[in-house]
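Each chain is listed here by its residues.
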Amino acid sequence: MKLSKKFVSDYTSLDSVDFYEYADAMLKLGNEYETIKPLVNASKLIIGEVIECSMHPQSDHLHLCKVNIGSEVLNIVCGAPNVREGIKVIVALDGCVLPGGTIKKSIILGCESNGMLCALNELGIESKYLKDEDIKGICELDELAIVGEDPIKFLELDDMVIDFELTANRADLLSMLGLAYESAIITGNSVKLPKMNYKVNKENINNSLSLKVDTPNVYTFLSKRVNNVKIKESPVFIKNRLMACGIRSINNVVDISNYVMLETGQPLHFYDADLLGDTIGVRNAQDGETLVTLDNNKRILNSEDIVITNGKEPIGLAGVMGGLSTEINENTKNVVIECAIFNPINIRKTSKKLLRSEASIRYEKGLDVNRTYMALERACYLLEKYANASVCDGIIEYNTLDREDKIIEIELDKINSVLGYNLSVIDVSKVFDKLNFKYKVVSNKFKVTVPTRRTDISIKEDLIEEVGRVYGVDNIEATLPVFESTPSIYDKKNRVVRDIMVSLGLNEVITYSLIKNSDVFKFTNDEFGLIKVLSPLSEDREVLRHSILTSLLEVYNYNKARNIKDCSIFEISKCFSLINGEYVEENKLACLLSGNYMEGIDKEYYDFYTVKGIVEDLLDSLGYKNRYSFVVKELPDEMHPTKSVYINVSGNIVGLLGQVHPRITKDEVYVIEINLDTLFDNRVGKVKYKEFSKYPGISKDLAFILPKDVNNEDVISSIKQAGGKLLKNVMVFDYYEGDKIDSNKKSIAYNLYFESFDKTLSDEEINPLFDKIIENVVKKHNGILRDK
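Throughout what follows, the structure given in this document is the object of discussion. Predicted model only: the values in this text are computed from it and were never measured.

## Observations regarding the overall build of the protein
- Helix and strand counts for the protein stand at 20 helices and 43 strands.
- Computed over the C-alpha atoms, the radius of gyration of the protein is 40 Å, more than 25% above the 28 Å expected from 2.2 N^0.38 for a compact globule of 788 residues.
- Principal-axis analysis of the C-alpha atoms gives the protein an extent of 125 × 75 × 60 Å.
- Within the protein, the fraction of its 788 residues that count as buried is 48%.

This is the structure:
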């Protein structure tokens with residue numbers, strides 16, 4: 001939103017403040033700005049009069065001019081086709097800095113030139129704001145221009161412009177009146193409203209036009225009629241104010257609609273009454289319906305778009321742009337004014353799909369119903385004054401909104417407790433005075449009347465925010481916090497998990513929580529609903545993820561494309577889903593491992609057992625030793641069917657691990673995903689540490705030929721059961737399938753480690769246990785002990 005100093009000064013005085021200091025004060029109020037600059041950024045310009053003009057002897061288009069600037073007569077060479085004796089011009093003197101460079105004395109084809117005669121576009125005014133003659137030739141000033149004076153002031157271009165980046169909630173600042181109220185907080189000056197008085201003729205609009213509303217998406221619709229308008233060029237002050245705000249002048253009638261929008265924040269639209277007919281309607285468009293808008297583009301509409309009709313067909317796209325069929329043109333005599341409030345959600349969807357305009361920006365953020373009535377009256381006043389219009393009596397009115405101001409009651413203690421200030425009743429009263437809010441105070445309790453122009457204030461907290469920003473954060477007394485902050489238990493556990501994964505050689509990554517719609521249901525068999533972003537930046541970032549693994553695969557593919565084949569990464573992050581209409585947020589750990597994990601002469605690569613060992617180390621370190629198992633059951637389609645398992649802790653499935661299915665990636669890629677919330681729901685005691693035994697242990701190996709459908713975990717469980725307390729560890733060190741044993745068999749070799757804390761063990765003590773282990777495995781799992 002661009003603020004014109006001269007425009008805002010029509011409603012509150014800014015003469016008492018330096019404009020750059022004013023901009024900084026607005027910044028402290030929370031209104032950030034991008035730029036602050038003069039409307040015309042040029043120096044050393046002066047009004048001159050051409051007293052002699054002749055052709056340059058060595059050129060067919062250059063002229064030799066003598067220009068009177070009041071204090072002296074300058075020789076200036078000029079190539080403009082319209083330069084001639086007797087006209088008053090803008091003279092750029094030696095040393096003048098223009099957007100195109102610095103003007104210097106020079107010799108042009110042997111003739112001295114002591115300056116330049118300027119066209120308006122050479123002063124930095126964009127060509128879209130100028131007429132063709134202003135672009136092709138130098139600027140010809142009116143005869144009233146005084147030689148020697150400042151041409152920028154004469155042209156009323158001596159304005160300053162601030163380009164604000166407003167927050168989404170401050171719809172009131174999308175108008176000069178709103179900016180005037182905000183400026184009054186800084187200056188302490190009063191705000192005066194624009195004039196709205198006009199005369200009416202005997203004709204009543206209700207006799208010539210009827211309104212038909214067929215949609216709940218219009219909240220307010222007002223209309224008046226003016227007759228016998230005269231289409232002509234706008235007054236200079238209107239054109240300059242529009243230009244300062246980035247809007248091109250068209251003609252006086254169209255410019256007035258834009259002027260009132262900038263002034264009040266309420267968009268208007270003018271229809272040629274003779275082209276409109278006797279009915280104006282509002283409804284939702286039909287799917288596939290078309291409309292040619294003012295920019296001469298054919299728009300294809302759907303049922304979410306709101307259209308203005310003549311009772312039969314669309315003549316305007318509500319809140320966005322009017323239709324070409326009822327455009328104001330040089331032959332227009334009678335005008336119907338539309339001033340309305342539409343459903344901002346519909347306007348947002350339409351503008352995003354078809355066209356974003358100055359009007360739609362304001363409709364999207366919400367409008368003040370009282371400003372709607374004000375804008376209609378203001379438009380009638382300006383049309384009467386600057387277009388010689390005759391205003392018809394009566395008004396077409398449809399309104400469903402409350403026009404009463406909001407009342408909010410709030411205690412002084414509440415304000416201070418939320419802000420951390422120590423304000424008095426007088427301090428808060430001064431803030432409400434600056435905001436121009438009416439209020440009453442009884443026993444430190446404020447009863448505040450919030451005007452409808454402040455659509456962003458509806459609850460106590462909004463009012464507290466206003467007190468805070470107006471009183472100023474710079475006025476807060478600096479104090480040290482008196483409370484102690486401790487991380488949550490989940491944060492502690494996340495840190496422990498992170499440290500364990502790093503100690504195992506994995507690198508942490510952070511990826512987007514937003515993924516493709518097509519990736520949401522990968523790596524899971526859970527049933528849940530999608531959580532979509534209303535306005536995604538791209539198709540790749542439109543849905544909140546339920547699994548981190550798809551994001552880690554993106555990281556893997558990114559690295560692989562850059563010839564980085566060894567990948568050991570993990571991420572701890574939130575995942576999201578919609579279950580039974582409720583939003584669910586879960587904390588998860590995910591890992592992706594591929595390639596070598598050990599470099600050197602003896603390279604080691606990731607396989608299923610290495611990845612399984614990582615999970616075991618993690619669970620053991622967290623205190624779940626001997627409480628977990630690995631379960632084989634129906635897995636997600638993205639997991640390898642024979643090299644993947646679920647992780648079971650205390651009877652609850654907490655995650656999965658295994659190889660990614662070859663149809664997803666041809667590389668041998670392993671993944672782990674654990675729901676940390678579900679894992680931590682399983683309570684554990686403190687991790688106990690035991691000293692090493694002083695006595696040597698005994699290590700023995702044995703191998704079994706087993707049926708292929710026997711689970712290795714079950715075999716290890718049977719070995720531990722038979723081995724008793726002296727058996728400290730069981731480890732698989734060999735696995736074989738091949739032509740030396742039956743095709744439905746497999747061979748697994750185990751290393752058993754026995755140890756005592758009381759004495760050195762002997763074979764006589766271990767052999768009975770060893771025999772019992774063999775007997776247990778043979779009996780329970782149909783195993784055959786291998787001799788070799």
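## Concerning the packing of helix 7 (residues 252–264) against helix 11 (residues 369–386)
- Here helix 7 crosses helix 11 at 145°, and the two axes come no closer than 10 Å. Classified by chirality, the crossing of helix 11 by helix 7 is right-handed. Seen from helix 7, the contacting residues are Asn-252, Val-253, Ile-256, Tyr-259, Val-260, Glu-263 and Thr-264; seen from helix 11, they are Arg-371, Met-374, Ala-375, Arg-378, Ala-379, Leu-382, Leu-383 and Tyr-386.
- Residue composition of the contact of helix 7 with helix 11, by class: 10 nonpolar, two polar and three charged.

## Some thoughts on the environment of Leu-419
- With respect to the helices and strands, the residue Leu-419 is situated in helix 12 (residues 412–419).
- For the pair Leu-419 and Gly-468, spaced 49 residues apart in sequence, the C-alpha separation works out to 6.7 Å.
- Those residues in contact with Leu-419 that lie beyond four places of it in its chain are Ile-464, Val-467 and Gly-468.

## Some details on the sheet that holds strand 5 (residues 73–78)
- Spatial strand order, 5-4-3-6-11: five strands in an open sheet with antiparallel pairing. Pairing within the sheet leaves two strands with one partner each, and these edge strands are strand 5 and strand 11 (115–117). Taken over all neighbouring pairs, the strand axes of this sheet differ in orientation by 45° on average, direction set aside.
- Two elements, strand 3 (residues 45–55) and strand 4 (residues 63–68), share six bridges in a ladder whose sense is antiparallel. Paired with Ser-54 across the strands is Leu-64, a residue of strand 4.

## A closer look at the nonpolar core
- Counting 84 residues, the largest nonpolar core has Leu-179, Phe-270, Ile-308, Ile-337, Phe-342 and Leu-383 as its most contacted members.
- The dominant element in this core, judged by the number of residues it contributes, is helix 11, at 11 residues.
- For Leu-383, the residues in contact, after removing those within four places along its chain, are Val-226, Val-253, Ile-256, Phe-270, Ile-337, Asn-388 and Ala-389.
- Counting 31 residues, the second-largest nonpolar core is a separate cluster that includes Tyr-606, Phe-608, Leu-676 and Leu-679.

## Here's the deal with a positive patch on the surface
- A cluster of like positive charges, contributed by Lys-625, Lys-690, Lys-720, Lys-725 and Lys-728, occupies part of the molecular surface.
- Positionally, Lys-625 belongs in the loop between helix 17 (608–621) and strand 36 (628–631).

## Some thoughts on helix 20 (residues 763–781)
- Taking 1.5 Å of rise per residue, the 19 residues of helix 20 would be expected to cover 27 Å, and the 26 Å separating its terminal C-alpha atoms lies within 8% of that figure.
- Turning to helix 20, its buried residues number three or more, namely Ile-766, Leu-769, Phe-770, Ile-773, Ile-774, Asn-776, Val-777 and His-781. Projected onto a plane normal to the axis of helix 20, the buried residues spread over an arc of 160° and lie on a single side. Relative to its buried face, helix 20 has exposed residues pointing more than 90 degrees away, namely Glu-764, Glu-775 and Lys-779.
- Against strand 40 (698–707), helix 19 (712–723), strand 41 (727–736), strand 42 (745–754) and strand 43 (784–785) lie the buried residues of helix 20.

## What about the packing of aromatic side chains?
- In the structure shown here, the tally under the stated rule is 15 aromatic pairs.
- Ring centres of Phe-7 and Tyr-259 lie 4.8 Å apart, and the angle between their planes is 25°; this geometry places the pair in the stacked category. In this pair, Phe-7 sits in helix 1 (residues 5–8) while Tyr-259 sits in helix 7, placing the two residues 252 residues apart along the sequence. Tyr-259 shares its class with Phe-7; the two are buried.

## A look at the packing of helix 6 (residues 236–244) against helix 7
- Helix 7 packs onto helix 6 with a crossing angle of 55° between their chain directions and a minimal axis gap of 10 Å. Accordingly, the angle class assigned to the pair helix 6 and helix 7 is oblique. Crossing of helix 6 over helix 7 shows left-handed handedness. Of the residues in helix 7, those touching helix 6 at Phe-237, Ile-238, Lys-239, Arg-241 and Leu-242 are Asp-255, Asn-258, Tyr-259 and Leu-262.

## Observations regarding the pattern of salt bridges
- A full pass over the atoms with the stated rule returns 35 salt bridges.
- The residue Glu-182 makes a salt bridge to Arg-170 at a minimum N-O spacing of 3.1 Å. You can see Glu-182 sitting in helix 5 (residues 176–187) and its partner Arg-170 sitting in the loop between strand 12 (160–165) and helix 5, a full 12 residues away along the chain. Of the two residues, Glu-182 and Arg-170, both sit in the buried class.
- Of the charged contacts in the structure, one is a salt bridge between Asp-456 and Arg-170, with a shortest N-O distance of 3.8 Å. Residue Asp-456 is found in the loop between strand 28 (445–450) and helix 14 (460–471), and its partner Arg-170 is found in the loop between strand 12 and helix 5; the two are separated by 286 residues along the sequence.
- We classify Asp-456 as buried; its relative accessible area is 14%.
- Judged by relative accessible area, which is 5%, Arg-170 ranks as buried.

## Quick word on unusual backbone geometry
- A positive phi angle, close to 60°, is found at Glu-156, a residue other than glycine.
- With respect to the helices and strands, the residue Glu-156 is situated in the loop between helix 4 (151–154) and strand 12.

## Remarks on the environment of Asn-197
- On the secondary structure map, Asn-197 appears in the loop between helix 5 and strand 13 (200–204).
- Taking the relative accessible area as the measure of exposure, Asn-197 reaches 52% and is therefore exposed.
- Between the C-alpha atoms of Asn-197 and Glu-377, which are 180 residues apart in sequence, the distance is 7.7 Å.
- When sequence neighbours within four positions are dropped, the list of residues in contact with Asn-197 reads Tyr-381 and Glu-384.

## Things to note about the side chain of Arg-283
- Here Arg-283 shows up in strand 17 (residues 279–284).
- At 2.8 Å, the side chain of Arg-283 forms a polar contact with the side chain of Glu-289.
- Leaving out residues up to four positions away in the same chain, Arg-283 has contacts with Asp-214, Thr-215, Glu-289, Asp-305, Ile-306, Val-307, Thr-309, Lys-312 and Pro-314.

## Re the environment of Leu-39
- For Leu-39, the position within the fold is in the loop between strand 2 (32–38) and strand 3.
- The spacing of Leu-39 and Lys-725 is 686 residues in sequence and 89 Å in space, taken between C-alpha atoms.
- Dropping the residues within four chain positions of it, Leu-39 is found in contact with Leu-157, Asp-159, Met-160, Val-161, Asn-240, Met-243 and Ala-244.

## Focus on the pairing of strand 3
- Two elements, strand 3 and strand 6 (residues 88–93), share five bridges in a ladder whose sense is antiparallel. Each bridged residue has a counterpart across the sheet, and for Ile-46 the counterpart in strand 6 is Val-91.

## Some remarks on the sheet that holds strand 22 (residues 321–322)
- Overall, mixed pairing links the five strands, which are arranged 14-17-20-21-22 in an open sheet. A strand with exactly one partner marks an edge of an open sheet, and here the two such strands are strand 14 (210–213) and strand 22.
- Here strand 17 runs beside strand 20 (residues 306–309); their pairing, made up of four bridges, is antiparallel. When the bridges of strand 20 are listed, Gly-281 appears paired with Thr-309.

Conventions and cut-offs
- Residues numbered from 1 in each chain as written.
- Predicted model: local features only at pLDDT ≥ 70, side-chain atom pairs only at ≥ 80, totals over all residues.
- Heavy atoms only, no water.
- Helix = DSSP H or I, 4+ residues; strand = E, 2+ residues; numbered from the N terminus.
- Rg over C-alpha atoms; globule rule 2.2 N^0.38 Å.
- Buried < 20%, exposed > 50% of the residue type's maximum accessible area, 1.4 Å probe, protein only.
- Axes fitted to C-alpha atoms, helices over the stretch in contact; angles between N-to-C directions.
- Left-handed = near helix turned anticlockwise from the far one by under 90°.
- Contact = heavy atoms within 4.5 Å.
- Nonpolar A, V, L, I, M, F, W, Y, C, P; charged D, E, K, R; others polar.
- Pairing = 2+ DSSP bridges.
- Core = buried A, V, L, I, M, F, W, Y, C linked by side-chain atoms within 4.5 Å.
- Patch = residues over 30% accessible without salt bridge, like charges linked within 9 Å, V, L, I, M, F, W, Y side chains within 5 Å.
- Areas by Shrake-Rupley, 256 points an atom, 1.4 Å probe, with all protein chains shown as cover.
- Salt bridge = Lys/Arg side-chain N within 4 Å of Asp/Glu carboxyl O.
- Lys, Arg positive; Asp, Glu negative; His and termini not counted.
- Charge placed at Lys NZ, Arg CZ, Asp CG, Glu CD.
- Expected span 1.5 Å × (residues − 1).
- Arc of directions from axis to C-beta.
- Phe/Tyr/Trp six-rings, centres within 6.5 Å; stacked < 30°, edge-to-face > 60°.
- Parallel < 35°, antiparallel > 145°, perpendicular 65-115°, else oblique.
- Polar contact = N/O pair within 3.5 Å; in protein donor to acceptor, adjacent residues only side chain to side chain.

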